[in-house]
Amino acid sequence: MSPSPYYNLFDSRGNPVSLGKKVGSGGEGDVYEIAPHRRDVLAKIYHKPLTGERQEKLRLMVSGCNDELKEFAAWPLDLLHDSKNGPVCGFVMPRITDCEPIHRVYGPSHRKASFPNADWKFLVRTAKNLAAAFYIIHKYGYVVGDVNEGNILVTKKACVRLIDCDSFQVQAREKIYFCEVGVAQFTPPELQKSKDFRMLRTQNHDNFGLAILIFLLLFMGRHPFSGVYKGNDDMPIERAIAEHRFAFGRGAALKAMAPPPNSVGLSVVPREVSSLFEQAFTESGHQSWGRPSANDWWNVLDALEKRLKKCPTESMHTFYTGLATCPWCGLENSSGILLFLSSDTISRIDVASEWQKVLAIKPPGPIPEISPRKYRCLPAPFSLDIARAVRLGKVRQAVQIVLLVASAAIMLVLSAGSGFPHPIDAIGLVPAGIAGLLFVLPGRDMMEKKRRKKEFEDARYSWRLWEKKWKAEAGDAEFTTQLNALTGSKRRYEAIEQEYKNALAALQHTSRERQQKKFLETRFIDTCTSPRLSENRKAALRSFGIETAADIDPHKILSIPGFDTALTNDLVNWRKQQESRFVFDEEKRVSASDIQGLIHTFQPKIRPVEREILSGVERLYSIQQKILKNRAKFQPIVEKSAHELAQAHANLSVVTLAGYFF
């Protein structure tokens, strides 16, 4: 950094202040170290002379400074003058170190680079601390005004620090010192059409921007108003905000909006949190204090942090205890995007050890055969009355046969003798009529036959139901299917592991491509200066997973609402410009970061298979236990049903000559 053009300045008490090297630069001024050896503070020096109003505003902020404000913000501590008692040219502020802009926390690509150990609990805590920072600012009557991702920093411990505090809105008695700047994608609907930000801002306006930032943190960088628009015209973020088109809200479909692909919905947070988002982003928020306050957010986020649990299959995944399954596992599996870095190896399980568990689960084997045919049953004996009726029934059957034969013979003889029908031929029908009468008036033997036939049919119906249940719930088909599925998962796991080993060996041969990709991943969309690429469009790109030059794909960009061919070509050309600046380093063919990058490529592939194996082993054991339990439970019942059918069949066989099948 270059040295300061100011060698000596003066603080508000007239003491000399010497500046050291420049450590930062912005639109209004530069930031310098204070010499000698002041490591806890920095100095901001403005490029242009300040108006009297701006000087008075800084005096008020310095006089209002306290420990709470200093804890959360780079608050002006003292004024700097270019001469004793001269005009204000800058101020002293706390030095904030080991921080990153908040967008490097919520964007997955940025987060993996800047906060590799951060999980969703870290994001929830950051959101909670952000709410605490806004609460303190509002507590003392200040308004941030220019809420945006560029003036908020986050430490490695999820602490939040606000910077550029000199732009805040300050009010003293009847005088208001306005915040004169703003960013559209964080500006509430009622101010979207304002061309000049020199107006009265309220804490309710701040609360809109706060809700946007909290949503970005909890939902992986997805802007709540950047989604899939079902209309035919363009829907930039600022228009969506002005028209309350909350892409993730309950009324999104009515406003022709839907969340972008590869995103999660409000269901991943408790109802108390989702309700605050609905309140913040709907029409009711226009009213004074209509949006959730910073304190409201702190309360629900503090409660959410206490109700988080670790994913059983991925230790770096934490999620709300009210959910049955981990939403991040599902999102990583469906999108192929690794949301959180979790280890220095592609695998966290010992597949050989897991397979020993599989081998230790003894197959239940074929289902025991149960059949009515295996039972030899004697028919149930008749009572004396029924036995007598059966004997008489057999005589009756014989008489019926004789009468029918006689009737047929008489009719044949009479017809042959006369050559034509004659009334006397009716004599031949008499035996047949008697036989029919015997059939219509059956004896007790026929009633017994019907009773035994019904018992047989009932027993057969019951047997068929139990036989089906026995085979379905006590058979080994489900166990075999699950074992085959596990075997397939093991083969896929081994194939990915081998592919990873091959990729390690190929690192030497692809070093140039890897170095270039890594280079492009450090060229963030934020730095693209195309006049057609507004800050709102950059936010839309990030919402659709395009954060760096390495992410630029024409087909993917053209699928985003509002991005035409011209803008897509601008982005493609910008990527080519970045590629032209890449210089290959022969001495860094393979590095630890290269191997780490390879791990992060293969983790999303192997993690779902790991989960299949881990859950599959548990399921295999559960199936085995269920089958054994069902066999013990149902076998006596099924055997009883089979025996009852065999007995019913034997009982029926002694009263009928017809064949019945099981």
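It should be noted that the structure appears before, not after, this text.
Computed from a prediction, not measured in an experiment: that's the story for all the values here.

**Comments concerning the packing of helix H6 (residues 203–218) against helix H9 (residues 294–306)**
- Their axes nearest at 10 Å, the elements H6 and H9 cross at an angle of 25°. Classified by the interaxial angle, the pair formed by H6 and H9 is roughly parallel. Touching Asn207, Leu210, Ala211, Ile214 and Leu218 of H6 are Ala294, Trp297 and Leu301, all from H9.
- A breakdown of the residues in the contact of H6 with H9 according to their chemical character gives seven nonpolar, one polar and no charged.

**Brief notes about the pattern of salt bridges**
- Scanning all chains against the criterion turns up 45 salt bridges.
- Note that Glu305 and Lys128 form a salt bridge whose closest N and O atoms lie 2.7 Å from each other. In this pair, Glu305 is assigned in helix H9 and Lys128 in helix H5 (residues 120–139), connecting sequence segments 177 residues apart. Of the two residues, Glu305 and Lys128, neither departs from the other in class, the shared state being buried.

**What to know about the sheet that holds strand E7 (residues 99–101)**
- Strand order in this open sheet of three strands is E7-E8-E9, and the pairing throughout is antiparallel. A strand with exactly one partner marks an edge of an open sheet, and here the two such strands are E7 and strand E9 (160–162). This sheet shows a mean twist of 35° between the axes of neighbouring strands, independent of strand direction.
- Judged from the three bridges that link them, E7 and strand E8 (residues 152–155) form a sheet pairing that is antiparallel.

**Things to note about the packing of H5 against H6**
- The interhelical angle for the contact between H5 and H6, taken along N-to-C directions, is 170°, at an axis separation of 9 Å. With respect to their mutual orientation, H5 and H6 come out roughly antiparallel. In this structure, H5 contributes Trp120, Leu123, Val124, Thr126, Ala127, Leu130, Ala131, Phe134 and His138 to the contact, and H6 contributes Gln203, Asp206, Asn207, Leu210, Leu213, Ile214, Leu217 and Leu218.

**Some remarks on the nonpolar core**
- Among the nonpolar cores identified, the biggest contains 104 residues, and Trp120, Leu130, Leu218, Phe277, Phe281, Trp297 and Trp328 are the most heavily contacted of them.
- With twelve residues, H5 is the largest single contributor of residues to this core.
- With 23 residues, the next largest nonpolar core counts Ile346, Val351, Ile496 and Ala503 among its residues.

Definitions and cut-offs
Counting restarts for each chain, with residues numbered from 1 along the sequence as it is written. Whole-chain, interface and lining totals are the exception, using all residues; otherwise, since this is a predicted model, local features are given only for residues with pLDDT of at least 70 and side-chain atom pairs are given and counted only at 80 or more. To get the side-chain values, all heavy atoms of the structure are used, and hydrogens and water are removed first. Here an angle of 0 to 180 degrees is reported between the N-to-C directions of two axes, which are lines fitted to C-alpha atoms, with helices fitted over the stretch in contact. Every helix listed is a DSSP run of H or I at least four residues long, and every strand listed is a run of E at least two residues long, numbered separately from the N terminus. Angles are sorted into four bins: roughly parallel if under 35 degrees, roughly antiparallel if over 145, roughly perpendicular if 65 to 115, and oblique for all others. It only takes one pair of heavy atoms within 4.5 Å for two residues to be counted as in contact. Three classes are used: nonpolar for Ala, Val, Leu, Ile, Met, Phe, Trp, Tyr, Cys and Pro, charged for Asp, Glu, Lys and Arg, and polar for all others, with Gly counted as polar. The rule for a salt bridge is simple: a side-chain nitrogen of Lys or Arg has to be within 4 Å of a carboxyl oxygen of Asp or Glu. Note on exposure labels: buried denotes an accessible area under 20% of the residue type's maximum, exposed denotes more than 50%, and partly exposed covers the range between, all computed with a 1.4 Å probe on protein chains only. Pairs of strands are assigned from DSSP output, requiring at least two bridges between the strands. For our purposes a nonpolar core is just a set of buried Ala, Val, Leu, Ile, Met, Phe, Trp, Tyr and Cys residues, chained together by side-chain atoms within 4.5 Å.

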